[in-house]
Number of protein chains: 2
Amino acid sequence: MSQLVTREDVVKPQGEVVGTPSAGAAMPNPGRLFQTFNAYQQTAAMRAAINLDVFTAIGDRQTTAEQIAERAGAAERGIRILCDFLTVMGFLTKNESHYGLAPDAAMFLDRRSPAYMGSAARFLDAPEMLKAFDDLTAAVRKGGTVMGEEGTVGVENPIWVEFARSMAPMMMMPAEVISQLVDADKGGKCRVLDIAAGHGLFGINIARHNPQAEIVALDWASVLEVAKENAHKSGVDSRYSTLPGSAFEVEFGKGYDLVLLTNFLHHFDPPTNEELLRKVHAALAPSGRAVTLEFVPNDDRVTPPEAATFSMIMLGSTPHGDAYTFAEFERMFSNAGFARSEHFRQPFMPESVVISYK
Amino acid sequence: MSQLVTREDVVKPQGEVVGTPSAGAAMPNPGRLFQTFNAYQQTAAMRAAINLDVFTAIGDRQTTAEQIAERAGAAERGIRILCDFLTVMGFLTKNESHYGLAPDAAMFLDRRSPAYMGSAARFLDAPEMLKAFDDLTAAVRKGGTVMGEEGTVGVENPIWVEFARSMAPMMMMPAEVISQLVDADKGGKCRVLDIAAGHGLFGINIARHNPQAEIVALDWASVLEVAKENAHKSGVDSRYSTLPGSAFEVEFGKGYDLVLLTNFLHHFDPPTNEELLRKVHAALAPSGRAVTLEFVPNDDRVTPPEAATFSMIMLGSTPHGDAYTFAEFERMFSNAGFARSEHFRQPFMPESVVISYK
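Model, not experiment: these values are computed from the prediction.

Moving on, we come to the nonpolar core. In terms of nonpolar packing, the biggest core is built from 196 residues, with F55(A), I79(A), L136(A), F55(B), I79(B) and L136(B) touching the most fellow members. Each residue touching F55(A), except ones within four places of it in the same chain, is listed here: M46(A), A49(A), I50(A), L86(A), F91(A), L92(A), L101(A), A105(A), L109(A) and D110(A). Ranked by size, the runner-up nonpolar core spans 30 residues in total, among them V216(B), V250(B), F264(B) and F333(B).

It is worth spelling out the interface of chain B and chain A at this point. Counting residues at the interface gives 111 residues for chain B and 111 residues for chain A. Interface area, chain B with chain A, both sides summed: about 9,900 Å², of which 66% is carbon and sulfur. Where chain B packs against chain A, one counts 2 salt bridges. Between the two partners, chain B and chain A, sit 24 residue pairs in polar contact (both at pLDDT 80 or more). In terms of residues, the side of chain B that touches chain A owes the most to one element, helix α3 (residues 40-51) of chain B, which gives 11 residues.

All names here are of chain B. Note that R301 resides in the loop between β8 (284-294) and α16 (305-308). Residue R301 is classed as buried on the basis of its relative accessible area of 13%. A polar side-chain atom of R301 sits 3.0 Å from a polar atom in the side chain of E328.

Here the focus is the pairing of strand β7 (residues 256-262) of chain B. Residue and element names in this part refer to chain B. The buried fraction of β7 is high, at 7 of 7 residues. Relative to β8, β7 runs parallel, the two sharing 6 bridges. Along β8, the bridge assignment pairs V259 with A290. A crossover connection joins β7 to the parallel β8 through helix α15 (residues 270-283); in handedness this β-α-β unit is right-handed.

What follows deals with a negative patch on the surface. The grouping of D134(A), D135(A), D134(B) and D135(B) at the surface amounts to a negative patch. Inspection of the secondary structure assignment puts D135(B) in the loop between α9 (127-132) and α10 (136-142).

Before going further, it helps to examine the relation of the copies chain B and chain A. When chain B is brought onto chain A, the operation consists of a screw motion whose angular component is 180° and whose axial shift is 0.0 Å, with 0.0 Å RMSD remaining. Taken together, the rotation and translation relating the two chain copies correspond to the operation of a two-fold axis. Proximity to the rotation axis, assessed at the C-alpha, singles out Y40(B) in chain B; its C-alpha lies 1.8 Å from the axis.

For the rest of this paragraph, the subject is the pairing of strand β8 (residues 284-294) of chain A. Residues and elements named next belong to chain A. Extensive coverage of β8 is indicated by the burial of 9 of its 11 residues. Of the pairings in the sheet, the one linking β8 to strand β10 (residues 352-357) comprises 6 bridges and is antiparallel in character. Directly across from T292, in β10, lies its bridge partner V354.

Glancing now at the confidence of the model for chain A. Residues and elements named next belong to chain A. Residue-level pLDDT values for chain A average 90, and 91% of them are 70 or greater. A low-confidence stretch, residues 1-25 (pLDDT under 50), is modelled with 43 contacts involving residues beyond four sequence positions or located in other chains. Model confidence for the complex: the whole-complex pTM is 0.88, and ipTM, which rates the interface, is 0.88.

A few words now on the packing of aromatic side chains. Scanning the entire structure with this criterion turns up 22 aromatic pairs over all chains. Summarising the aromatic geometry, the rings of Y324(A) and F329(A) are spaced 5.7 Å apart at their centres and angled 75° between planes, so their arrangement reads as edge-to-face. With relative accessibility at 3%, the residue Y324(A) sits in the buried group. By relative accessible area, which is 0% here, F329(A) ends up buried. Seen from their ring centres, F123(B) and F163(B) are 4.9 Å apart, and the 75° between their planes marks the pair as edge-to-face.

A word on helix α4 (residues 65-72) of chain A. Within α4(A), the full set of buried residues consists of A65(A), I68(A), A69(A) and A72(A). The buried residues of α4(A) occupy an angular sector of 100° when the element is viewed end-on, so they sit on one face. Exposed and facing more than 90 degrees away from the buried side of α4(A) are E66(A) and E70(A). Along its buried surface, α4(A) packs onto α3 (54-59), α5 (76-88) and β3 (98-101) of chain A together with α10 of chain B. A positive backbone phi angle near 65° is found at G73(A), which sits one or two residues after α4(A).

About the thresholds
- Residues numbered from 1 in each chain as written.
- Chains lettered and ligands numbered in written order.
- Predicted model: local features only at pLDDT ≥ 70, side-chain atom pairs only at ≥ 80, totals over all residues.
- Heavy atoms only, no water.
- Core = buried A, V, L, I, M, F, W, Y, C linked by side-chain atoms within 4.5 Å.
- Buried < 20%, exposed > 50% of the residue type's maximum accessible area, 1.4 Å probe, protein only.
- Contact = heavy atoms within 4.5 Å.
- Buried area = accessible area lost by both parts, 1.4 Å probe.
- Salt bridge = Lys/Arg side-chain N within 4 Å of Asp/Glu carboxyl O.
- Polar contact = N/O pair within 3.5 Å; in protein donor to acceptor, adjacent residues only side chain to side chain.
- Helix = DSSP H or I, 4+ residues; strand = E, 2+ residues; numbered from the N terminus.
- Pairing = 2+ DSSP bridges.
- Right-handed = clockwise from strand over helix to strand, strands pointing away.
- Patch = residues over 30% accessible without salt bridge, like charges linked within 9 Å, V, L, I, M, F, W, Y side chains within 5 Å.
- Areas by Shrake-Rupley, 256 points an atom, 1.4 Å probe, with all protein chains shown as cover.
- Lys, Arg positive; Asp, Glu negative; His and termini not counted.
- Charge placed at Lys NZ, Arg CZ, Asp CG, Glu CD.
- Least-squares fit on C-alpha atoms with pLDDT ≥ 70 in both.
- pLDDT = per-residue confidence, 0-100.
- Phe/Tyr/Trp six-rings, centres within 6.5 Å; stacked < 30°, edge-to-face > 60°.
- Arc of directions from axis to C-beta.

Here it is in structure tokens:
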């Protein structure tokens, strides 16, 4: 016999509500607080499921805990608890004892999908990143990372090789959006400087759309090895060259039609960015454009959620980085000599694009 | 100039949708995946805000980042990013540069509220707990905790003293619900055995409602010190005695009207629980009842969310624990000799109550 005690049931005749300090008051629920105390388990569950390739197993029709456990070499009890948890989170479905992939999981977490993004966990949830949040209290006190003097933006930090190897899939959609916004399909002579190129996907994708585009990729030498591999795989290596070093120190050259600044400016404070943007301005041809991909919150800094929360990652992992509003980007570009900037927000991805005209 | 590129805008005349592998297909959004990769930051942000007493500062009308930072002895940039993040999460409101407390935060996170639950972070997010999830992959493989042989259920694990000290506020509401369900206000002779009493709140609350109730609290000796303090504060110490040791080994005595099993059975497997329940059955008077407080998922094990996800904590921190369904509890109690069990689910708290009759 199972019965649901409703809120009415526990209001006593005198009108006193059970368990709340003020009689008759609306009752806040500690459930959301409990959920937040335990939110770290969502990250842990996703990492475990990716490590054990649970989504691929289910996509491949191993749908019971027993079958998935056998394929993953894991305990059935462990898999059952993990898959139930992922079902509550909305990444799996459950029908009797059979698990299925929810649409997001089928698209992004089944290794056989061309849009597979599971590898992104290796960068976003790298041990160094998680460690940076172990003592967030100290970072809030200090106003910046406690990971060491420079956090992730230190010279040749090896995390950027991991970034280049693991984040490419998550950047395919933004790379395609940028190619569309700069009309890469129209072709024509186009010299592109890709600053902090990482995996190189943004420049490479322009080169794939425009057979006349020539890309110069700048990053730490170790990271450029990954970009060169990707350029080779995409068959654009004859139009792909590299500039190893720091964007703040290396000589860019002149006459670029496009300079790409993807996921880079958020690591630094506005004066540092303006110094870089003056260098970018000087490197552009008279009709050139800077293309910035960024998490851009609205002026209230609390919407939209994914752009607004990005500043927390910068607080945890950099000395002075931030998620800048479009007004702040406009000011930085304007101070660096750019004529005007435009903001393109995408409804289906967390980042948006700022195009700034020389 | 800021412009919103809508999904329609990026659908080219040919009908190809930008950035998706299949033309025209509905577009899953990687945003939720990104959010999950970063979910651990929600826990970190809540811990930092509690440590720095941000909610109390705001409740006390220090509403700008500058004011909160001064009071907390923290950097304004750190506080601004933290408070924006908590606003996105729904625990704060923001109006221009002024932060306010959302209802849940005002009730549970302002230290001046009688329902303050911030201390619960010290148990729920204790370093040992977070560490147990560092390698959840290994726990899923093994099917149980990798925290050491017994996890949190090892003999005299000091985490239970932390539990007793920090979890009392979160248990005030369930303690009140239990007192109501056993009609403590009706008074009359009532001998209560409170197994794994912890902070002692469940027994103490019955004693407060019923002046004739006599409580025997069982737990590790170090934990019972906390329960005795609480009994003293509540003025019920003359009717409060203790039984130090393991519930599996200590002699309970006889003739109890109530035996409380709050947040205890989830740590063990069904055979272990049945062994304990036979002992409980023997200790009860003929008209006695066992009162169990637990996270009880429905038979599908994936609803309601807070009860269903609790099994993950047991996977991470115990060798064999679980969140049991009511059918499973019914079976365990029945196998131990109980006549019948009833399930009371509360809409406003994540746990529910099972009452089992001798």
